[in-house]
Amino acid sequence: MTAATPSGMLTLTDSRTGKTYEIPVENGTFRTMDFRQIKVSDDDFGLLGYDPGFLNTASCKSAITYIDGDRGILRYRGYPIEQLAEHSTFLETAYLLIKGELPDRERLDAWTYNIRHHTMTHSNIVKFMDGFRYDAHPMGIMVGMVGALSTFYPDAKEITSEASRKLQVRRLIGKIPTLAAMSYRHSMGFPYVLPDNDLSYAGNFLSMMFKMTEHDYRPNPVLEHALDVLFILHADHEQNCSTSAVRAVGSSGVDPYTAVAAGCAALYGPKHGGANEAVIRMLLEIGSVERVPEFIRAVKAGSGRLMGFGHRVYKNYDPRAKIIKKIAFEVFEETGRSPLLDIALELERIALEDDYFISRKLYPNVDFYSGLIYQAMGFPLDMFPVLFAIGRIPGWLSQWTEHVQDPEQKIARPRQIYLGEEQRDWAPIEGRLKCRTEECVMTSCRL
Ligand code: ACO
């Protein structure tokens, strides 16, 4: 919803009492607290909204990211994602998200300098990293390491201090690629690579990931640019699961490292940061272009989903997917064409002509082609959500900053509809239901 939606009053009549209420409508929303006055009796709590998964509930007012899912529009601070992907860099986009405006040259240079000078981690971080098992999932490592950063920077608790907030933002954007690359190299048993501040943000990350014995690692400029654009495309997506987690945890007043660790935890889930990995697994399972029609038939018959298709918000082509598809071809020019690309193109061709997908408004989303690019660049599948997290850091931090400065916000504390037992009296153990008998109702007690 936008501020352009007309304001007015919603007139409601409660058929239980016959009473009529006037509920103000502003920006296409009403305040659910205005429903609390609607009661059947004086001791009634008042009407609550019920919205599992927050399908139709705004949790905040925000000036950061705008999405129109029906028209396939995504804008950061008003700028269309297509223009940012074409003309901006990731660090410039991060500045835009966090500060609200594109920087001039002097500001961008200062911002870049500040981020670069926070790419190193405390040497004790290495001890933490070494404590993980050799086969630890890199995203699990990220959840732990980002949370651990809060213990290295106790000044981050000063969340009401603008100077402290700015410092933690620089530290987090600077250190995330370092931690991400360390998590990969730990799993491979490779020595960690120190940051190279002569390289770009994406280039330095590629160096920390893939540098071996060469003295001077120079990233392939096409892959470096592609990664930078992928980071831009992932930088924010308004109130999704991980961003809502950052805001909810941040609403307790905790430091930003802990709040962002919650975002990483949410992104770890296969329904959120793991879908691009699922796309690769699906393409591998299909195996050849010839088997695509058979796979589509199976999806339509209800056995599984076409991964990388469909979106809760976009009911049109995800604008990020269009940009990613173009980048995929540029990357494959360098790395050689992945045989999986042909399967993906055929899937997309058939699905976009098929009434099942058209009638349900199922189009390719951001994950359909991004995994193919990551794979071609040499990233293992379990690094995919970590790459997503690197890109999303400025979004989480801009949303966190907006949240802690919003005077209307309170600690996140949803209500529930209690459908359990009424009060009952404690019974001595001899008088309770017997286990494994017909009258036992505790079917899920695992005994
Ligand atoms: N393949 C086949 N059918 C699908 C797909 C799909 N990918 N997505 C939705 N449908 C069908 C459903 O079966 C349902 O059909 P029905 O009405 O006959 O029952 C209808 O479309 C609506 O589906 P919902 O699950 O209600 O849609 P919702 O908005 O809740 O789900 C979601 C969105 C989770 C993204 C879904 O489209 C999906 O599972 N896609 C595949 C996974 C994926 O690519 N996730 C990445 C999302 S992008 C991101 O998180 C960064």
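Please read these numbers as outputs of a predicted model, since none were measured by experiment.

## Re the overall build of the protein
- A tally of regular secondary structure across the protein gives 17 helices and five strands.
- Taken against the 2.2 N^0.38 rule, which gives 22 Å for 447 residues, the C-alpha radius of gyration of the protein at 25 Å falls within 12% of a compact globule.
- Principal-axis analysis of the C-alpha atoms gives the protein an extent of 75 × 60 × 60 Å.
- Residues classed as buried in the protein amount to 46% of the 447 residues present.
- Put simply, 69% of the contacts in the protein that link residues at least 6 apart link residues at least 24 apart.
- For the protein, the computed accessible surface area is about 23,900 Å², with 53% contributed by carbon and sulfur atoms.

## Remarks on the domain arrangement of the protein
- We note that the domain assignment places domain 1 (8–49) and domain 2 (78–414) within the protein.
- Placing a centre on the C-alpha atoms of domain 1 and another on those of domain 2 gives a separation of 41 Å.

## Focus on the environment of Arg31
- Of note, Arg31 is situated in the loop between β2 (20–25) and β3 (65–68).
- Assessed through its relative accessible area of 44%, Arg31 is described here as partly exposed.
- Distance from Arg31 to Ala58, taken between C-alpha atoms, is 9.5 Å for residues 27 residues apart in sequence.

## A few points about the side chain of Arg171
- Position of Arg171 among the secondary structure elements: in helix α6 (residues 162–188).
- With relative accessibility at 12%, the residue Arg171 sits in the buried group.
- In terms of polar contacts, Arg171 uses its side chain to reach the side chain of Asp155, at 3.2 Å.
- Apart from the residues lying within four places of it in its own chain, the contact partners of Arg171 are His118, Tyr153, Asp155 and Tyr257.

## Things to note about the nonpolar core
- If you look at the biggest cluster of nonpolar residues, it comprises 110 residues, and the most contacted ones within it are Trp111, Ile173, Phe205, Leu227, Leu306, Leu347 and Phe379.
- In terms of residues, this core owes the most to one element, helix α17 (residues 384–405), which gives 10 residues.
- Ignoring sequence-local partners within four residues, the contact set of Phe205 consists of Pro177, Ala180, Ala181, Leu227, Phe231, Phe379, Met383, Leu387 and Ile390.

## Things to note about the pairing of strand β1 (residues 8–13)
- Of the strand pairs in this sheet, β1 and β2 are connected by six bridges, and their pairing is antiparallel. In the sheet register, Thr11 faces β2, and the bridge partner there is Glu22.
- If you look at the hairpin formed by β1 and β2, you'll find six residues sitting between the two strands, and Gly18 has a positive phi there, around 80°.

## Quick look at the site of the ligand
- Taken together, 18 residues are adjacent to the ligand, and Arg305, Leu306, Gly308, Phe309 and Asn365 come closest.
- Note that an oxygen atom of the ligand is positioned 3.1 Å from one of the side-chain N or O atoms of Arg312.
- Coverage of the ligand by the protein amounts to 67% of the 930 Å² it exposes when considered alone.
- Residue composition of the shell around the ligand, by class: eight nonpolar, five polar and five charged.

## Some thoughts on a nonpolar patch on the surface
- A contiguous nonpolar patch, built from Tyr50, Ile417 and Leu419 and spanning about 410 Å² of accessible area, is present on the exposed surface.
- For Leu419, the position within the fold is in the segment after α17.
- On the basis of relative accessible area, Leu419 is assigned to the exposed category, the value being 77%.

## What about the packing of aromatic side chains?
- Counting across every chain of the model gives 17 aromatic pairs.
- Ring geometry for Phe210 and Phe379: centres 5.3 Å apart, planes at 55°, overall tilted. Here Phe210 is found in helix α7 (residues 201–210), whereas its partner Phe379 is found in the loop between α16 (367–377) and α17, with 169 residues between them in sequence. For the pair shown, Phe210 and Phe379 are each scored as buried.
- Members of the aromatic cluster, each reached through a chain of ring pairs, are Phe90, Tyr184, Tyr201, Phe205, Phe210, Phe231, Tyr374, Phe379 and Phe384.

Here is what the cut-offs are and how they apply
Counting restarts for each chain, with residues numbered from 1 along the sequence as it is written. At least 70 in pLDDT is required for a residue's local features to be given in this predicted model, at least 80 for side-chain atom pairs to be given and counted, and no such filter applies to totals for whole chains, interfaces and linings, which use all residues. Values shown for side chains rest on all heavy atoms present in the structure; no hydrogens or waters enter the calculation. Working definition: helices are DSSP H or I runs of at least four residues, strands are E runs of at least two. Numbering for both runs from the N terminus. Taken over C-alpha atoms, the radius of gyration is set against a globule rule of 2.2 Å times the number of residues to the power 0.38. Partly exposed residues are those whose accessible area sits between 20% and 50% of the maximum for their type, while under 20% is buried and over 50% is exposed, using a 1.4 Å probe and protein chains only. Residues are treated as being in contact if the distance between any of their heavy atoms lies within 4.5 Å. Computed by Shrake-Rupley with a 1.4 Å probe, the accessible areas treat only the displayed protein chains as cover when residues are assessed. As annotated, the domain borders come from an automatic or database domain assignment. We define a polar contact as two N or O atoms separated by no more than 3.5 Å, with the added condition that, inside protein, one atom must be a possible hydrogen donor and the other a possible acceptor, whereas residues neighbouring each other in sequence contribute only through side-chain atom pairs. Only buried Ala, Val, Leu, Ile, Met, Phe, Trp, Tyr and Cys residues count toward a nonpolar core, and they belong to the same one when joined by side-chain atoms within 4.5 Å. For two strands to count as paired, DSSP must find a minimum of two bridges between them. Working definition: residue near molecule or strand if any one of its non-hydrogen atoms lies within 4 Å of it. All amino acids are sorted into three groups, where Ala, Val, Leu, Ile, Met, Phe, Trp, Tyr, Cys and Pro are nonpolar, Asp, Glu, Lys and Arg are charged, and the leftover types, Gly among them, are polar. Patch building starts from residues that exceed 30% relative accessible area and form no salt bridge, then joins like charges within 9 Å and nonpolar side chains (Val, Leu, Ile, Met, Phe, Trp, Tyr) within 5 Å. What makes a salt bridge here is a side-chain nitrogen of Lys or Arg within 4 Å of a carboxyl oxygen of Asp or Glu, nothing more. Pairing of aromatic side chains requires ring centres within 6.5 Å, counting the rings of Phe and Tyr and the six-membered ring of Trp. Pairs whose planes differ by under 30 degrees are stacked, by over 60 edge-to-face, and all others tilted.

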